[in-house]
Amino acid sequence: MISEYKKYHGTVFTELTEKSTTPIQIESLKGNYENSAYVVNNKVGVYIKYSTSRLSPWKFSFQKKHQDTILELRNILDRVMLILICGDDGIVGLSWESLKQVLNDEHEAIEWIRVSRPKGANYRVFGSDGKLNSTITRHHFSDYILDFKS
């Protein structure tokens with residue numbers, strides 16, 4: 001049987017490979033990363049969470065260890081992105097700076113992010129510690145990851 005996480009994570013990797021004009025390298029981080037942490041092109045850390053909900057809003061819970069892992073990625077790489085897969089609707093990518101607007105540097109035992117998308121609109125993101133002031137498009141994450149050159 002194919003694991004559910006593999007189906008959702010595969011969506012992210014398919015989008016990246018289809019959108020890239022050059023070959024890309026994706027490495028899964030081994031260890032205590034719960035099959036959620038990857039490095040793209042040896043430069044961009046990616047942490048993936050998914051919601052199986054069909055409709056907005058999509059809710060994502062973060063244990064302290066999840067945020068600690070994202071921080072660890074940030075400490076070793078120049079660019080980090082949290083990827084939130086919103087059921088079959090689309091993918092939201094949060095840069096480190098955007099993530100810190102919704103989940104601050106104090107990692108509580110459990111925190112959350114909620115993503116909503118009114119029909120025909122972009123995604124809105126709210127978290128335990130705040131909200132994004134701007135909306136996010138469906139393909140923002142792939143542009144952010146693939147456009148990073150340094």
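Here, the structure is the one placed above.
Residue numbers run consecutively from 1 along every chain, following the written order of its sequence. Since the coordinates come from a predicted model, pLDDT governs what is reported: local features require at least 70, and pairs of side-chain atoms require 80 or more to be given and counted, while whole-chain, interface and lining totals use all residues. Remark: hydrogens and water are excluded; side-chain values derive from all non-hydrogen atoms of the structure.

1. Some details on the packing of aromatic side chains
- A pair of aromatic rings is counted whenever rings of Phe, Tyr or Trp (Trp by its six-membered ring) have centres within 6.5 Å, and the orientation is called stacked for planes under 30 degrees apart, edge-to-face for over 60 and tilted otherwise. Using the criterion set out here, one finds 3 aromatic pairs in the structure.
- Residues Tyr-8 and Tyr-50 carry aromatic rings whose centres are separated by 4.5 Å and whose planes lie at 10 degrees to one another, so their mutual orientation is stacked. Here Tyr-8 is found in helix 1 (residues 4–19), whereas its partner Tyr-50 is found in strand 3 (residues 44–51), with 42 residues between them in sequence.
- Each residue is placed in one exposure class: buried if its accessible area under a 1.4 Å probe, protein chains only, is under 20% of its type's maximum, exposed if it is over 50%, and partly exposed if it falls in between. Overall, the relative accessible area of 14% leaves Tyr-8 in the buried class.
- For Lys-100, the ring lying beneath its charged end belongs to Trp-96, and the centroid distance is 4.8 Å.
- Whether a charge sits over a ring depends on NZ of Lys or CZ of Arg being within 6 Å of the ring centre and within 35 degrees of the ring normal. One Lys or Arg, Arg-117, reaches over the ring of Tyr-123 and ends 5.6 Å from the middle of that ring. We count a stretch as a helix when DSSP gives it H or I for four or more residues in a row; a strand needs E for two or more, and each element gets its number in order from the N terminus.

2. Remarks on the pairing of strand 2 (residues 37–40)
- Residues of strand 2 alternate between two faces, with Ala-37 and Val-39 on one and Tyr-38 and Val-40 on the opposite face, all of them buried.
- Inspection of the sheet shows strand 1 (residues 26–28) paired to strand 2 by 3 bridges, in the antiparallel sense. Paired with Glu-27 across the two strands is Val-39, which belongs to strand 2.
- The pairing criterion is simple: DSSP has to find at least two bridges between the two strands. Examined bridge by bridge, strand 2 and strand 3 share 4 bridges and lie antiparallel to one another. Following the sheet pairing, Tyr-38 is matched in strand 3 by Val-46.
- The antiparallel hairpin formed by strand 2 and strand 3 contains 3 residues in its connecting segment, where Asn-41 sits at a positive phi of about 55 degrees.

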